[in-house]
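Secondary and tertiary structure notes
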Amino acid sequence: MSNASTLGHVSPELLKVVERAQREPEGRFHSLAHLLDVPALERAYHRMRKDAAVGVDGVTKEEYGQALEANLQDLHARMKAKRYRHQPIRRVYIPKEQGRTRPIGISAFEDKLVQDAVREVLEAVYEQDFLDCSYGFRPGRSAHDAVRTLDRIVHRGEGSWILEADIVSFFDSIDREELAKMLEIRVADGSLLRLIGKCLHVGVLDGAELSAPETGTAQGSVLSPLLGNVYLHYALDLWFETEVKPRLRGRATLIRYADDFAIGFEHEEDARRVMAVLGKRLARFGLTLHPDKTRLLPFRRPPAGQKSGKGLATFDFLGFTLYWARSRRGRWGMACKTRRASLRRAIQSVTDWCHLHRHLPVREQHAALTRRLRGHFNYFGVSGNFRSLLLLVEAAKRVWYKWLCRRSQRKRLTWERFADLLDQHPLPRPRITVRIWGP
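A brief report on the enclosed structure follows. (Residues numbered from 1 in each chain as written. Predicted model: local features only at pLDDT ≥ 70, side-chain atom pairs only at ≥ 80, totals over all residues. Heavy atoms only, no water.)

Using the criterion set out here, one finds 24 salt bridges in the structure. Linking Arg138 and Glu127 is a salt bridge whose minimum nitrogen-to-oxygen distance equals 2.9 Å. Note that Arg138 is positioned in the loop between α5 (109-126) and α6 (143-155) and Glu127 in the loop between α5 and α6, a separation of 11 residues in sequence. For the pair formed by Arg138 and Glu127, the shared burial category is buried. The salt bridge involving Arg272 is made with Glu268; its shortest N-O contact spans 2.9 Å. Here Arg272 pairs with Glu268, and both are found in helix α11 (residues 268-283), just four residues apart, close to one helical turn. Relative accessible area serves as the criterion here: at 32%, Glu268 is assigned to the partly exposed category. Look at the salt bridges and you will find they share partners, linking Arg43, Arg47, Asp116, Arg119, Glu120 and Glu123 into a network. (Salt bridge = Lys/Arg side-chain N within 4 Å of Asp/Glu carboxyl O. Helix = DSSP H or I, 4+ residues; strand = E, 2+ residues; numbered from the N terminus. Buried < 20%, exposed > 50% of the residue type's maximum accessible area, 1.4 Å probe, protein only.)

For helix α8 (residues 176-186), the set of buried residues is Arg176, Leu179, Met182, Leu183 and Arg186. Along the long axis of α8, the arc covered by the buried residues comes to 115 degrees, so they all point the same way. Along α8, the residues that are exposed and aim more than 90 degrees away from the buried face are Glu177 and Lys181. Where α8 is buried, its residues touch α1 (12-23), α5, α9 (190-200) and α10 (224-244). Taking the backbone nitrogen of Glu177 as reference, a side-chain oxygen 2.9 Å away marks Asp175 as the first, capping residue of α8. (Arc of directions from axis to C-beta. Contact = heavy atoms within 4.5 Å. Polar contact = N/O pair within 3.5 Å; in protein donor to acceptor, adjacent residues only side chain to side chain.)

Right, let's talk about the sheet that holds strand β5 (residues 209-211) for a bit. In sheet architecture, strand pairing relies on hydrogen bonds along the backbone and comes in two forms, parallel and antiparallel. The mixed open sheet is built from four strands, whose spatial order is β2-β1-β4-β5. A single partner strand is all that each edge strand has here, and the edge strands are β2 (101-106) and β5. Strand-to-strand, the axes of this sheet are offset by a mean angle of 35 degrees, without reference to chain direction. (Pairing = 2+ DSSP bridges. Axes fitted to C-alpha atoms, helices over the stretch in contact; angles between N-to-C directions.)

One finds Leu122 and Phe261 to be the most contacted residues of the largest nonpolar core, which totals 74 residues. The element that contributes the greatest number of residues to this core is α10, accounting for 11 residues. Phe261 has contacts with Leu163, Glu164, Ala165, Ile167, Leu236, Leu254, Ile255, Arg256, Leu278, Leu282, Leu289 and Phe317, leaving out every residue within four places of it along the chain. With 50 residues, the next largest nonpolar core counts Ile255, Phe315, Leu392 and Trp403 among its residues. (Core = buried A, V, L, I, M, F, W, Y, C linked by side-chain atoms within 4.5 Å.)

Bringing the sheet that holds strand β8 (residues 295-298) into the picture now. Strand order across the open sheet formed by four strands is β6-β7-β3-β8, with antiparallel pairing between neighbours. Looking at the sheet topology across the chains shown, the edges are occupied by β6 (252-257) and β8. Direction aside, neighbouring strands of the sheet carry axes that sit 15 degrees apart on average. When strand β3 (residues 161-166) meets β8, the two strands line up antiparallel, connected through four bridges. When the sheet's bridge partners are listed, Ile162 is paired in β8 with Leu297. Each of β3, β6 and β7 (260-265) touches α6; the most contacted strand, β6, lies at about 165 degrees to it.

Following this line, the structure appears as C-alpha cells:
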C-alpha cells in the first residue's frame, strides 16, 4: 500500500488518509475512528479465513455470517457508544524445534473483526512511513523479497560481514507505554487510541487460568504484526537509517522481516561498531538480543581459485540457511537451503498428521498430504533448494507407509503394495516455485 492506487477497493475516505499521509509525513491525524464503520467491519469479515481457529466465544465465521448485517450493526453501535469490550484471548501453544513451544493468542471472532478494521486504518497511515528495509506483513512484500535483497547486497560486496540478530520474545516484550508514544506521533484521535488500548490490555485465558500481562501484544492477533512493525520502525529502522548509516565508513543494509533481521556491512570495522551499540539501543525499548542467536560473521566471496565451500561461514534467515556455493559455470554466489530446524519441524508435522489421521480413507489422506507438501514448496521451493524438498517428500513417504501399516494387523501393507498405492495416489514431486537467483 505504498500509494493510493493500490487501495482502489476500499473507501474514498481511506484513500484520502493515504494521500494525506504521503503528502504530510510529519502530519497528525485527529479524525480516524469514524472510518471504523459497518462497511469496514464487513471488509474485515470477508478477509477472515473460514477455517480459522475459534476464540473463547467458540464462534466460527460461518456462524457469525448467518446474521451478518445485524451482527455488524450491533458491533458498530457498541463501538460508537464506547460499550465494546474485547474478550479474553485464548492461548494455545505451537511446537518449535528442540521440543519447545511458542504461545499464540486466538481472539474471539468479533474481536478479530475490530482488530482487522483498526489494522486497515493504521496501515493506510503507516505504509507511507515504513522504510524499504521492512518486509514483514506488508502489502506486496514477502520473505522472498527480503532474501532477494540480501542476495543483491552480498553480490555487490556490501554483505562482506553479516550481523545475524534475534530478539528474545519480541511480541511479549513490547513496552505498551512506548508503543502508545510512537502511535501518538501520527495518530491524535483519542477514540482510536483507546480502542487500540482495549485490544492490547486484554486478559489471556491459558486453560482455566486467566492472566493480564502488562507488556507485549498477543502473538497471533490480527493487529499485532502491524503494531510490531510500528514499534521496530521507531526503535530500529529509523535509528539505523538516520543515525547509524551516516556515521559508517562503508555501505550497510538492514533487512527486517517483522522481528527477524540481518544487517550486511561492507567493512568489518562498521559491523563491530554497530554490534557494540545495537543491544543498548534495543534495551531502551525493553527489547533484548538473544546472546546465542545474535552473532557477527564474515561472509566474503571466496577467491575464484577455491574449489570447495567447506568450512565457510553460514547463517540462518527466515527459515533458510544461506551459504556460499559455486554455480554450474563455476562462479561463487550465495545459495540457500531449508534450515535444518525448519526441515525437522516440517517432517515432524507430517509425522504427527499421519499418526492422528491414519484411519481416514487413503484418498483423503493423500489429498491432505498433497496440500501440506505443496504449501511447503510454495515457501521453501526457492532456487537451488531442490535437495531439501526431496528429503521432505521421501520422509513423507516413509512416514505415510509406517502409519498405514498400523491401521490393520490382519493384512500387512508391503513395500510392493505401497508402491502400487503411490502409483494411484502419487505425492507431489519437489518443485522450485520461487526464483531468487540463478543456479
